[in-house]
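# Summary of the model geometry
So you can see what is in the structure, the chains are spelled out below.
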Amino acid sequence: AQSVTQLDSQVPVFEEAPVELRCNYSSSVSVYLFWYVQYPNQGLQLLLKYLSGSTLVKGINGFEAEFNKSQTSFHLRKPSVHISDTAEYFCAVSPLGAAGNKLTFGGGTRVLVKP
Amino acid sequence: NAGVMQNPRHLVRRRGQEARLRCSPMKGHSHVYWYRQLPEEGLKFMVYLQKENIIDESGMPKERFSAEFPKEGPSILRIQQVVRGDSAAYFCASSTTSGATDTQYFGPGTRLTVL
């Protein structure tokens with residue numbers, strides 16, 4: 001079984017400042033890792049994913065994340081946020097080799113960008 | 001190319017009634033996942049279906065909940081005899097294949113309120 005912990009439930013940040021959202025996971029098997037964003041009253045949109053290869057993954061909207069296997073972490077960063085980045089962000093994992101791509105999500109981090 | 005469609009977007013039921021939630025996957029997608037998001041929580045996997053088959057229903061409550069994905073038409077999540085604890089947002093996602101390299105595209109969700 002897998003579990004995902006997002007250490008911050010809310011992160012207030014000023015416009016043009018950097019932001020880091022923390023994600024740690026636990027799994028007895030190797031996993032793929034994902035970050036999704038959810039804007040108010042909408043479904044989830046994939047920001048980026050780590051499958052293999054380089055541990056630094058670049059996604060859409062200027063976001064990037066780094067996979068750290070020894071620390072079982074997959075933190076999301078953006079060097080300069082915009083008001084439009086106000087949303088909820090979810091980290092998720094799925095186990096390698098399983099039937100289907102069943103995602104296990106963290107509890108989410110709500111980002112509020114202030115002018 | 002239309003995205004994943006869910007209807008209704010909002011559904012109000014009284015305790016004891018039935019709720020039927022529909023999900024039309026993206027064109028060409030034959031894999032559907034259902035997730036539930038309780039208030040202030042992350043998404044939890046419920047069930048994974050391919051056309052006419054339930055592949056993984058490990059996240060479905062044992063009673064009152066059922067899902068189908070017929071050869072023709074949308075996937076249906078059915079909740080019988082709803083209770084207040086069923087109030088949540090229900091999201092479906094679809095993908096072309098079952099592999100993790102294949103992105104899951106999420107619908108806008110159905111927000112169920114049980115009075």
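As shown above, the structure is provided for reference.
Keep in mind it's a predicted model, so treat the numbers as computed, not measured.

### Things to note about the pattern of salt bridges
Opposite charge on two side chains allows them to pair when their charged atoms are near. Taken as a whole and judged by the stated rule, the model has eleven salt bridges over all chains. Residues Glu64(A) and Lys58(A) are paired through a salt bridge, measuring 2.8 Å at the closest nitrogen-oxygen approach. Judged by relative accessible area, which is 63%, Lys58(A) ranks as exposed. The closest approach of N and O atoms between Glu18(B) and Arg20(B), which form a salt bridge, is 3.0 Å. Because the salt bridges share partners, they merge into one network encompassing Glu20(A), Glu66(A) and Arg77(A).

### A few points about the nonpolar core
Core analysis: the biggest nonpolar cluster contains 28 residues, and Trp35(A), Leu48(A), Leu76(A) and Tyr89(A) have the highest contact counts within it. When contributions to this core are tallied by element, the ones reaching two or more residues are strand S2 (10–14), strand S3 (19–21), strand S5 (31–38), strand S6 (44–50), strand S8 (64–68), strand S9 (73–78), strand S10 (87–95) and strand S12 (109–114) of chain A. If we ignore the near neighbours within four places in the chain, the residues touching Leu76(A) are Val19(A), Glu20(A), Leu21(A), Trp35(A), Leu47(A), Leu48(A), Phe63(A), Glu64(A), Ala65(A) and Tyr89(A). Formed by 23 residues, the second largest nonpolar core is a distinct cluster that contains Val4(B), Val32(B), Ala67(B) and Phe69(B).

### Considerations on the state of the cysteines
Scanning the model with the defined rule gives two disulfides over all chains in all. The disulfide partner of Cys23(A) is Cys91(A), and the S-S distance across this bridge is 2.0 Å. Judged by the sign of its S-S torsion, about -65 degrees, the cystine formed by Cys23(A) and Cys91(A) is left-handed. Taken together, the positions of Cys23(A) in the loop between S3 and strand S4 (24–27) and Cys91(A) in strand S10 put the pair 68 residues apart, joining distant regions of the chain. For Cys23(A), a relative accessible area of 0% puts it in the buried group. Judged by its relative accessible area of 0%, Cys91(A) is buried. The residue that forms a disulfide with Cys23(B) is Cys92(B), at a sulfur-sulfur distance of 1.9 Å. Across the disulfide from Cys23(B) to Cys92(B), rotation about the S-S bond amounts to roughly 70 degrees, and the bridge is consequently right-handed. Taken together, the residues span a long stretch of sequence, with Cys23(B) in strand S3 (residues 19–24) and Cys92(B) in strand S9 (residues 88–95) at a distance of 69 residues.

### A short note on the sheet that holds strand S1 (residues 5–7) of chain B
All names here are of chain B. In spatial order, the strands read S1-S3-S8-S7; together these four strands make up an open sheet with antiparallel pairing. At either margin of the open sheet sits one strand with a lone partner, and together these are S1 and strand S7 (65–68). Sheet twist, expressed as the mean angle between neighbouring strand axes with direction ignored, is 15 degrees.

### Details of the interface of chain B and chain A
Facing 25 residues of chain B, the contacting portion of chain A comprises 22 residues. In this assembly, chain B packs against chain A so that about 1700 Å² is buried in total across both faces, 53% of it on carbon and sulfur atoms. Joining chain B to chain A, the criterion identifies one salt bridge. Notably, a salt bridge pairs Asp56(B) with Lys102(A), separated by 3.4 Å at the nearest N-O pair. Across the chain B-chain A interface, the total number found is four residue pairs in polar contact (both at pLDDT 80 or more). Grouping the constituent residues of the side of chain B that touches chain A by class yields ten nonpolar, nine polar and six charged.

Definitions and limits used
- Residues numbered from 1 in each chain as written.
- Chains lettered and ligands numbered in written order.
- Predicted model: local features only at pLDDT ≥ 70, side-chain atom pairs only at ≥ 80, totals over all residues.
- Heavy atoms only, no water.
- Salt bridge = Lys/Arg side-chain N within 4 Å of Asp/Glu carboxyl O.
- Buried < 20%, exposed > 50% of the residue type's maximum accessible area, 1.4 Å probe, protein only.
- Core = buried A, V, L, I, M, F, W, Y, C linked by side-chain atoms within 4.5 Å.
- Helix = DSSP H or I, 4+ residues; strand = E, 2+ residues; numbered from the N terminus.
- Contact = heavy atoms within 4.5 Å.
- Disulfide = S-S within 2.5 Å.
- Pairing = 2+ DSSP bridges.
- Axes fitted to C-alpha atoms, helices over the stretch in contact; angles between N-to-C directions.
- Buried area = accessible area lost by both parts, 1.4 Å probe.
- Polar contact = N/O pair within 3.5 Å; in protein donor to acceptor, adjacent residues only side chain to side chain.
- Nonpolar A, V, L, I, M, F, W, Y, C, P; charged D, E, K, R; others polar.

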